[in-house]
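Here is what each chain is made of, one letter per residue.
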Amino acid sequence: MQQIINFIIRNKNVLLFLLLFGISLLFTIQSHSYHKSKFINSANFLTGGVYNSANNVTGYFNLKTQNELLAAENKRLRKLLLNVNTNADSTFIDSLTFSEDYRFYSANIIKNSYSLNNNVLTINKGRNDSIQQDFGVISSKGIVGIIDKTSGNYATVISILNGTSSISAQLKKTNHLGSLIWDGKDSKFTQLIDIPKIAKVKAGDTIITSGQSSIFPKGVPVGTIESFKLDQAENYYEINVRLFNDMTSIEHVYIIENANKEEISNLLGN
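Residues numbered from 1 in each chain as written. Predicted model: local features only at pLDDT ≥ 70, side-chain atom pairs only at ≥ 80, totals over all residues. Heavy atoms only, no water.

Novice: Please clarify how the side chain of S159 should be interpreted in this entry.
Specialist: If you trace the backbone, S159 turns up in strand β5 (residues 155-162). For S159, a relative accessible area of 1% gives the class buried. Residues within four places of S159 in sequence aside, it is in contact with N119, L121, V144, G145, S165 and M247. (Helix = DSSP H or I, 4+ residues; strand = E, 2+ residues; numbered from the N terminus. Buried < 20%, exposed > 50% of the residue type's maximum accessible area, 1.4 Å probe, protein only. Contact = heavy atoms within 4.5 Å.)

Structure representation (structure tokens):
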């Protein structure tokens, strides 16, 4: 302890300078949007590199599980190619079922949080791969989240397990619309609200994206109804949805770009 105190006394001028420099740098970043954006991009670049290296190590030990998932996905794709009349599994996404207005990119998740109130994922694709903010992110089984920030080679994704997330979704059978949110309690479930009580709601029914935004096309699987109840005013249902995705073990994702997003945003004045 005495050595530490002596070190501080000997270098007090340098330490004071570093402290004041850090405070001034913090104020500069917070008060100027340009400096703030540059700082965020640099932070994304550095943390992305660290997460990517760590993911390469853990991914090696998880190759067997991922190969099994890819084999299952390839089997379903071959089935679709060999038999055009085959009905696709409602928990499996085939990009061919969406219109040409949507482009798809593949990516790997290099960091995934799912136990916080506002969970964020990091992927190994960024602006250099044409990835931009507000692109949708899905897996072969369903919805994952929305692109938030991007750097040259990496991007962060606001997970559906995030308290700030709100995504338009609907009952597959009746087309009644609601908002998909998360109550922060269980990574296996998310909640669908604002479904009117005139809708015929039944446990086991499928929830999909509504296509009412410029981010996700209609029909991306979300999950199945686990339970439901009316809200306090008894006008709308609050539905507990069991996710098709296991959000704790996702590694491979697809990024969706709506080719008409800019035109739609300009029309709406966004």
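Having seen the model, we can carry on.
Novice: Help me out: how do you make sense of the pattern of salt bridges in this one?
Specialist: Once their charged atoms are close, side chains differing in charge can pair, the charge on each being opposite to the other. The full count for this structure, using the stated rule, is 4 salt bridges. When the shortest N-O distance is used, the salt bridge between D148 and K149 registers 3.4 Å. On the accessibility criterion, K149 (35% relative accessible area) is partly exposed. (Salt bridge = Lys/Arg side-chain N within 4 Å of Asp/Glu carboxyl O.)

Novice: Is there a simple way to explain the pairing of strand β7 (residues 177-181) in this structure?
Specialist: In the case of a regular strand, side chains alternate between the two sheet surfaces. When strand β6 (residues 167-171) meets β7, the two strands line up antiparallel, connected through 4 bridges. Each residue of the ladder has a partner; that of Q170, found in β7, is L177. Between β6 and β7, which pair antiparallel one after the other, the connecting turn spans 5 residues, and N175 there sits at a positive phi close to 70 degrees. As paired elements, β7 and strand β8 (residues 189-196) share 3 bridges and run antiparallel to each other. Within β8, the residue paired with I181 across the bridge is Q191. (Pairing = 2+ DSSP bridges.)

Novice: Just to check I follow, could you spell out the packing of aromatic side chains for this structure?
Specialist: Within a pair of aromatic rings, the relevant descriptors are the distance that separates the centres and the angle that separates the planes. In the structure shown here, the tally under the stated rule is 1 aromatic pair. Seen from their ring centres, F228 and Y237 are 5.6 Å apart, and the 90 degrees between their planes marks the pair as edge-to-face. (Phe/Tyr/Trp six-rings, centres within 6.5 Å; stacked < 30°, edge-to-face > 60°.)

Novice: What should I look at first to understand the sheet that holds strand β10 (residues 221-230) in this one?
Specialist: Hydrogen bonds along the backbone pair up the strands of a sheet, which may run parallel or antiparallel. Taken together, 6 strands build a closed barrel; the order of strands is β6-β7-β8-β11-β10-β9 and the barrel is antiparallel. The sheet shows a mean angle of 40 degrees between the axes of neighbouring strands, direction not considered. As paired strands, β8 and strand β11 (residues 236-243) are joined by 6 bridges and run antiparallel to one another. Residue Q191 lies in a different strand from β11, and its bridge partner there is N240. (Axes fitted to C-alpha atoms, helices over the stretch in contact; angles between N-to-C directions.)

Novice: What is the right way to read the sheet that holds strand β4 (residues 143-150) from this model?
Specialist: Spatially, 6 strands are ordered β1-β2-β5-β4-β3-β12 in a closed barrel, and the strand pairing comes out antiparallel. Shown here is a sheet whose adjacent strand axes are inclined to one another by a mean of 45 degrees, direction ignored. Two strands pair when backbone bridges link them, and strand β3 (residues 136-138) and strand β12 (residues 252-258) are joined in this way by 3 bridges, in the antiparallel orientation. Residue pairing across strands places I138 opposite Y254, the latter belonging to β12.

Any link to function would need more than the numbers given here.
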